[in-house]
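Summary of the model geometry
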Amino acid sequence: MKCLSLTPSSPRLPLPQSPIQQRHINFPMPTHQSPNLGRQYTGAAPGALYSAPLDLRESHNPNAIGHPDSKDVKDDERPATDLQQHSVLAAQSGITRQQLINSPCPICGDKISGFHYGIFSCESCKGFFKRTVQNKKNYVCMRGSTCTVSTSTRKKCPACRFDKCLCMGMKLEVKLR
DNA sequence: CTTCAAGGCCAC
DNA sequence: GTGGCCTTGAAG
Ligand SMILES: [Zn+2]
Ligand SMILES: [Zn+2]
């Protein structure tokens, strides 16, 4: 079993997910000690997909640059330091950091708080991954790794949550892929 | 100075 | 165990 290879190549599916999010990137896992840890999130959601809100903000006005003295720059505040280091991300994905952060967490669908362990995720999934990895937890699913992971169910099965973390590309060392 | 992310903290 | 918030230190 592998991850759900949900690629935007399917013109059918509406795909209520993030604009672009990293998916399964065969994890090297330097600290890979368990031979049976080769499990991957199967995305086993029995006919139940997420209901991601997907708030794609930052839709700048296509034109409206006429008046030099018009102060309608109220879209998103950015005092001074704006064009900074999201260049890499923005360049490769063609999307701004703001847009990425306004997408739902690829693991549980919660609000993304930032870039954590290789992917954009919410604060809770970041903490969960940290705990799981640092304490070398070995969660085992009681239901055949078919659990749905969402904000309301993420506490139910840490095994499936961790599977999904890995599947979505979380890793300890962001460097050295 | 600034922002970012890893890890720590700790009430729940 | 969970997750929101904080501190740290690196990078710009
Ligand atoms: Zn999450
Ligand atoms: Zn499970």
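The coordinates are above.
Residues numbered from 1 in each chain as written. Chains lettered and ligands numbered in written order. Predicted model: local features only at pLDDT ≥ 70, side-chain atom pairs only at ≥ 80, totals over all residues. Heavy atoms only, no water.

**Comments concerning the protein's contact with DNA strand B**
Operational definition: The nearness test applies per residue and asks whether one of its heavy atoms lies within 4 Å of the molecule or strand. Polar contacts, as used here, are pairs of N or O atoms within 3.5 Å; protein pairs need one atom able to donate a hydrogen and one able to accept it. Residues neighboring in sequence count only if both atoms are side-chain atoms. Helix and strand assignments come from DSSP, with helices taken as H or I runs of at least 4 residues and strands as E runs of at least 2, each series counted from the N terminus. Gly is placed with the polar residues, together with every amino acid not listed as nonpolar (Ala, Val, Leu, Ile, Met, Phe, Trp, Tyr, Cys and Pro) or charged (Asp, Glu, Lys and Arg).
Of all residues adjacent to DNA strand B, which total ten residues, the nearest are Arg97, Phe115, Tyr117, Lys126 and Lys130. A share of 65% is what sugar and phosphate atoms reach among the atoms of DNA strand B within 4 Å of the protein. At a separation of 3.3 Å, a sugar or linking oxygen of DNA strand B approaches a polar backbone atom of Phe115. At the level of secondary structure, the elements contributing two or more residues to the surface near DNA strand B comprise β1 (112-116) and α3 (123-134). Considering every element that reaches the surface near DNA strand B, the biggest residue donor is α3, with three residues. For the surface near DNA strand B, a count of residues per class yields three nonpolar, four polar and three charged.

**Topic: the coordination of the zinc ion (ligand 1)**
Definition in use: Excluding water, the donors of a metal are its N, O and S neighbours within 2.8 Å, or within 3.2 Å for Na, K and Ca, and that exclusion means sites may look incomplete. Site shape is set this way: if four donors have all angles between 85 and 135 degrees, tetrahedral; if opposite donors are over 155 degrees apart and all others between 65 and 115, square planar for four donors and octahedral for six; otherwise irregular. Buried residues are those whose accessible area, probed at 1.4 Å on protein chains only, stays under 20% of the maximum for their type, while exposed residues exceed 50% and partly exposed ones sit between those limits.
For the zinc ion (ligand 1), the protein coordination sphere consists of Cys105 (SG), Cys108 (SG), Cys122 (SG) and Cys125 (SG), at 2.2 to 2.3 Å. Between the four donor atoms coordinating the zinc ion (ligand 1), the angles at the centre fall across 101 to 115 degrees, so the site counts as tetrahedral. In the primary sequence, the donor residues of the zinc ion (ligand 1) line up as C-x2-C-x13-C-x2-C. Of this pair, Cys105 sits in the loop between α2 (97-101) and β1 while Cys122 is found in strand β2 (residues 119-122), placing the two residues 17 residues apart along the sequence. Given a relative accessible area of 1%, Cys122 falls into the buried group.

**Some details on the packing of aromatic side chains**
Short version of the rule: Two rings from Phe, Tyr or Trp (for Trp, the six-membered ring) form a pair when their centres are within 6.5 Å of each other. A pair whose planes differ by under 30 degrees is stacked, one over 60 is edge-to-face, and the rest are tilted. Throughout this description, the term charge over a ring refers to an Arg CZ or Lys NZ atom that lies within 6 Å of the ring centre and within 35 degrees of the ring normal.
Tallied over the entire structure, the rule returns four aromatic pairs. In textbook terms, an aromatic cluster arises when at least three aromatic residues are bridged by ring pairs, as seen for Tyr117, Phe129 and Phe162. We note Arg161 situated over the ring of Phe128; from NZ or CZ to the ring centre the distance is 4.5 Å.

**Let's talk about the protein's contact with DNA strand C**
Surveying the vicinity of DNA strand C reveals the residues Glu123, Ser124, Lys126, Phe128, Arg131, Lys137, Tyr139, Arg154, Lys155 and Arg161. Sugar and phosphate atoms represent 64% of those atoms of DNA strand C found within 4 Å of the protein. Here a base nitrogen of DNA strand C sits 2.7 Å away from a polar atom, N or O, in the side chain of Glu123. Side-chain polar atom of Arg161 to a phosphate oxygen of DNA strand C: 2.8 Å apart, as the coordinates give it. Examining the composition of the surface near DNA strand C, we find that five residues originate from one element, α3, more than from any other. By residue class, the composition of the surface near DNA strand C is two nonpolar, one polar and seven charged.

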